[in-house]
Amino acid sequence: MRNLLVFIFLLSCISLVAQPPKGYKWTKDGNGYYAFEDNNIVQYALPAFTTRIVAGSANLTPKDSSKPLTVRNFFFSQDGKKVLIYTNSKKVWRYDTRGDYWVLSLADNSLVKLGKSLPSSSLMFAKFSPDGSKVAYVSGHNIYMEDANGTNQQQLTKDGTDRMINGTFDWVYEEEFGCRDGFRWSDDSKSIAYWQIDATQIRNFLMINNTDSIYSFTVPVEYPKVGESPSACRIGVIKIATGATTWMNIPGDQRQHYIPRMEWAANSDELVIQQLNRKQQESKIMYCNATTGEAKTIYQETDNAWIDPKERWNEGDPTGWEWMPDGKSFLWVSEKDGWRHIYLISRDGSKETLITNGSFDIIDIKAIDAKAGYVYYSASPENATQKYLYRIGLKANAKPELLSPANEKGTHNYTVSPNGAFAEHTFSNANTPTVRNFISLAKHAVIKESAPAKPASPQPTVEFFKVTTVDGVTLDGWMVKPLNFDSTKKYPVVFNVYTEPAGATVKDSWGSGRNRLYTGNMAEDGYIYMSLDGRGTPAPKGREWRKSIYRKIGVVNIRDQAMATKEIMKWTFVDASRIAVWGWSGGGSTTLNLLFQYPEIYSTGIAIAAVGNQLTYDNIYQERYMGLPQENLQDFVEGSPITHAKNLKGNLLYIHGTGDDNVHYQNAEMLINELIKYNRQFQLMSYPNRTHAISEGEGTSKHLATLFTAYLKEHCPPGGR
């Protein structure tokens, strides 16, 4: 581990990608990092953590202002002589990726604003060309470029509109593929490759705003429902010298495929892309000649369920391509042998080498040490609720090495410096608050440790367990028992659920077992709080575990929860007459399905922002996991809560924001109609104009928590009996 000299940091290159802050901003040599502190950009040198101010508040103050810029993020040019300052940011759907950009020259301390002719807070994803001479950005769905000194602005694309999208993405690409930054500079600074999304055929979903004006008005969202064809997508390359775009001749109907990944192919002549068919069961890797547009497929695979895109194994970030430094091969992640493994693929696709081998999943890739011949990845072969760092040689039949301390059982995360010498390491488990430290990676030696977070009050113990259902399925779970627990008494159980492929709830990390919506302390009040992860959740338990839910969301995952709960109801300290369940989004859908399909088990449920009818949700997510309704409509019907609403017997509190652009309030009204039809009584709380997060507006979070707590206490009373 001493020769960690040639590293490719596999998370997106911080100096080139303009997103809100995430992780550390390492220095180019990897022996330090930058931070924004007290209105200064500061550099820390490792391992001593000595500091120097790179840019002080005076340097960050525009000439016509007495105050320094409010820095949301910053990015260095590759030569380190200029800094791109991101400020005045505004939210676009989930993240504040639109704002103003300034360039600070460290040579003469000049500070210039970019895009001066464009509206305030309209620039997106600005980044220096590799040679540092220019900056490109998106505004109004067009790509612009100007000199780094703020002069000579050029509009490189001219056809951008609200529906013709250059250099960024539509709602559904962002939501389901994690795609936001939609253009890339070539290494020679002579070209820009970019996505163009044609959403002109996508219908608007109209949300209604009744509160911000005496006359109501609609808020349109370009939203392709399941069964609707996707936006057309294509890739273009702009030659900076001429401003002309060459379109890549990617085969297939542009409205029947997706391109979730595109990068330069370790040179400035070719692009490498991943193409998925509409059902996301066929993946092709292609090279595209940047000059002629010719496309050539070099590698492909299929799956009879679905193929996960990179953001599913890269902490939500789809950017970057895992090239070896010589550009002759790259890493690829696939589940084709039944487990999520790393492969080394030759550049022409003719040779592949299985790197990680065995009955376990990798969780994510952290770094490549090409010189020493290692790849670093996270996994947890023995316990799917935990996470550890391993390394393995870049050759067949190599043996993995555990690097995380063997005596620290729980969840380990790492952010590795570009040269691999250092890393930020965090560790926690369900009963140990998060500890952060910096380590020298070669020996995992701590060089600086932060004081662990201290809970505001004593926290009850989280216990992990396994339960096996009548179907032979073993689920992981956690529970928090009441304080002063008396095994001779029977207590109510409250389940927190999600159960769908987008997330797992049973993790051995700090925060598990806590309920932020409960006002007070559930353990003090006398509840058993639980969560279970069944089939379909993205736990590292192999392909079959995750993909057994294909075309069966609302069926398989619901039965696993219910059958596990039946086993738990046999425990002597569980009151089978007081079983409650709650969840948000997919968890809200699960809550409804459990109440409706298994009313003999669940007496009380609180469903928040639920998909009540699967035919209302977006095409990328729903078609990935359920297929096309034109082909297998009955699967969508059987898995939808509204189909089973007539069976409600217990207590239901349904909560939804009317301004939810993700899971539309339409779901609430469809469900309400079904419940009315069958005279099923329930309680409804609508939050006007709140989004999927139901966090906007004064008093909202407190109101939601108060409502949640009061309803639970009234209909599922706490305490042992």
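For clarity, every value in this text was computed on a predicted model and none was experimentally measured.

About the cut-offs
- Residues numbered from 1 in each chain as written.
- Predicted model: local features only at pLDDT ≥ 70, side-chain atom pairs only at ≥ 80, totals over all residues.
- Heavy atoms only, no water.
- Helix = DSSP H or I, 4+ residues; strand = E, 2+ residues; numbered from the N terminus.
- Rg over C-alpha atoms; globule rule 2.2 N^0.38 Å.
- Buried < 20%, exposed > 50% of the residue type's maximum accessible area, 1.4 Å probe, protein only.
- Pairing = 2+ DSSP bridges.
- Core = buried A, V, L, I, M, F, W, Y, C linked by side-chain atoms within 4.5 Å.
- Contact = heavy atoms within 4.5 Å.
- Axes fitted to C-alpha atoms, helices over the stretch in contact; angles between N-to-C directions.
- Patch = residues over 30% accessible without salt bridge, like charges linked within 9 Å, V, L, I, M, F, W, Y side chains within 5 Å.
- Areas by Shrake-Rupley, 256 points an atom, 1.4 Å probe, with all protein chains shown as cover.
- Salt bridge = Lys/Arg side-chain N within 4 Å of Asp/Glu carboxyl O.
- Lys, Arg positive; Asp, Glu negative; His and termini not counted.
- Charge placed at Lys NZ, Arg CZ, Asp CG, Glu CD.
- Disulfide = S-S within 2.5 Å.
- UniProt positions renumbered as here; feature names shortened; annotations may be inferred.
- Phe/Tyr/Trp six-rings, centres within 6.5 Å; stacked < 30°, edge-to-face > 60°.
- Parallel < 35°, antiparallel > 145°, perpendicular 65-115°, else oblique.
- Left-handed = near helix turned anticlockwise from the far one by under 90°.
- Nonpolar A, V, L, I, M, F, W, Y, C, P; charged D, E, K, R; others polar.

Colleague: Got a sec to walk through the overall build of the chain? Specific residues and values, please.
Modeller: When helices and strands are tallied, the chain shows 10 helices and 43 strands. Here the chain has a C-alpha radius of gyration of 26 Å; the compact-globule value for 721 residues is 27 Å, and the two agree. Over its C-alpha atoms, taken along the principal directions, the chain stretches across nearly 75 × 60 × 60 Å. Looking at the chain residue by residue over its 721 residues, the buried ones come to 59%.

Colleague: Just give me the short version of the pairing of strand β10 (residues 124–128), but keep the residues and values in it.
Modeller: For β10, the buried fraction is high: 5 of the 5 residues fall into the buried class. Note that β10 and strand β11 (residues 134–139) share 3 bridges and pair antiparallel. Opposite Met124, over in β11, you have Val138 as the bridge partner.

Colleague: Can you break down the nonpolar core residue by residue, with the values?
Modeller: Tyr173, Ile235, Ile250 and Leu271 are the most contacted members of the largest nonpolar core, which has 45 residues in total. Looking at this core, the elements that each hand over two or more residues are α1 (171–177), β16 (191–198), β17 (204–209), β19 (232–239), β21 (257–264), β22 (270–277), β23 (282–289) and α6 (619–626). When neighbours within four sequence positions are excluded, Tyr173 is seen to be in contact with Gly178, Cys179, Ile197, Cys233, His257, Tyr258, Ile259 and Ile620. Residues Ile568, Ile601, Leu648 and Leu675 belong to the second largest nonpolar core, which totals 43 residues.

Colleague: Tell me about the sheet that holds strand β26 (residues 341–346), and please be specific about residues and values.
Modeller: With antiparallel pairing, the 3 strands of this open sheet are ordered in space as β25-β26-β27. Each of the sheet's edge strands pairs with one partner strand only, and the pair in question is β25 (329–334) and β27 (352–354). Adjacent strand axes in the sheet meet at a mean angle of 30°, parallel and antiparallel pairs treated alike. The pairing of β25 with β26 spans 6 bridges and is classified as antiparallel. For Leu331, the partnering residue across the bridge sits in β26 and is Leu344.

Colleague: Before we move on, can you summarise a negative patch on the surface with the specific residues and values?
Modeller: A grouping of Asp79, Asp131, Asp187, Asp188 and Asp269 is seen on the molecular surface, where their side chains present a negatively charged patch. Relative to the assigned elements, Asp131 resides in the loop between β10 and β11.

Colleague: Account for the state of the cysteines, naming residues and giving values.
Modeller: Taken as a whole and judged by the stated rule, the model has 0 disulfides. There is no disulfide at Cys179, and the cysteine sulfur nearest it, in Cys233, is 8.6 Å away. According to the relative accessible area criterion, Cys179 is buried, its value standing at 3%.

Colleague: Please give an account of the UniProt feature "domain: Dipeptidylpeptidase IV N-terminal" (unreviewed entry) in the chain that cites residues and values.
Modeller: Feature annotation in UniProt assigns "domain: Dipeptidylpeptidase IV N-terminal" (unreviewed entry) to the following positions: residues 77–434. A distance of 33 Å separates the end C-alpha atoms of residues 77–434, which is 2% helix and 47% strand.

Colleague: Give me unusual backbone geometry: which residues, what numbers.
Modeller: Between Leu46 and the following residue, Pro47, the backbone shows a cis peptide bond with an omega angle of 10°. Along the chain, Pro47 turns up in the loop between β4 (40–45) and β5 (50–55). Positioned with a positive phi, His141 is a non-glycine residue whose angle comes to about 65°.

Colleague: Residues and numbers for the sheet that holds strand β38 (residues 491–496), please.
Modeller: Spatially, β36-β37-β39-β38-β40-β41-β42-β43 is the arrangement adopted by the 8 strands of the open sheet, whose pairing is mixed. On the outer flanks of this sheet lie β36 (462–468) and β43 (683–687), each paired with one strand and no other. Across the sheet, the axes of successive neighbouring strands diverge by a mean angle of 20°, strand direction being ignored. Two strands pair when backbone bridges link them, and β36 and strand β37 (residues 474–480) are joined in this way by 7 bridges, in the antiparallel orientation. For Val462, the partnering residue across the bridge sits in β37 and is Val480. The strands touched by helix α4 (residues 556–568) are β36, β37, β38, β39 (528–533) and β40 (574–584); relative to β39, the strand with the most contacts, the crossing angle is about 135°.

Colleague: How would you explain the environment of Asn613 if you had to name every residue and give the values?
Modeller: The topology assignment puts Asn613 in the loop between β41 (604–608) and α6. Assessed through its relative accessible area of 12%, Asn613 is described here as buried. Along the primary structure Asn613 and Gly56 are separated by 557 residues, whereas in three dimensions their C-alpha atoms are 54 Å apart.

Colleague: Requested: an account of the packing of aromatic side chains, with residues and values cited.
Modeller: Under the defined criterion, the tally for this structure stands at 34 aromatic pairs. A ring pair is formed by Tyr621 and Tyr625, whose centres lie 4.8 Å apart and whose planes are at 80°; its orientation type is edge-to-face. Taken as a pair, Tyr621 and Tyr625 lie in helix α6 at a separation of 4 residues, close to a single helical turn. Residue Tyr621 shares its accessibility class with Tyr625, and that shared class is buried. Pairwise contacts between aromatic rings join Trp26, Tyr33, Tyr44, Phe49 and Phe438 into one cluster.

Colleague: Lay out the environment of Ser139 with the relevant residues and their values.
Modeller: One can find Ser139 in strand β11. Taking the C-alpha atoms as reference points, Ser139 and Thr565, separated by 426 residues in sequence, lie 52 Å from one another. In contact with Ser139, not counting residues within four places along its chain, are Leu118, Ser122, Leu123 and Tyr144.

Colleague: Describe the packing of α4 against helix α5 (residues 586–597), listing the residues and the values that go with them.
Modeller: α5 packs onto α4 with a crossing angle of 65° between their chain directions and a minimal axis gap of 10 Å. In this view, α4 runs roughly perpendicular relative to α5, as classed from their interaxial angle. Once α4 is placed against α5, the crossing between them reads as right-handed. Contacts from Asn557, Ile558, Gln561 and Ala562 in α4 reach Thr590, Asn593, Leu594 and Gln597 in α5. Broken down by class, the residue content of the contact of α4 with α5 amounts to 3 nonpolar, 5 polar and no charged.

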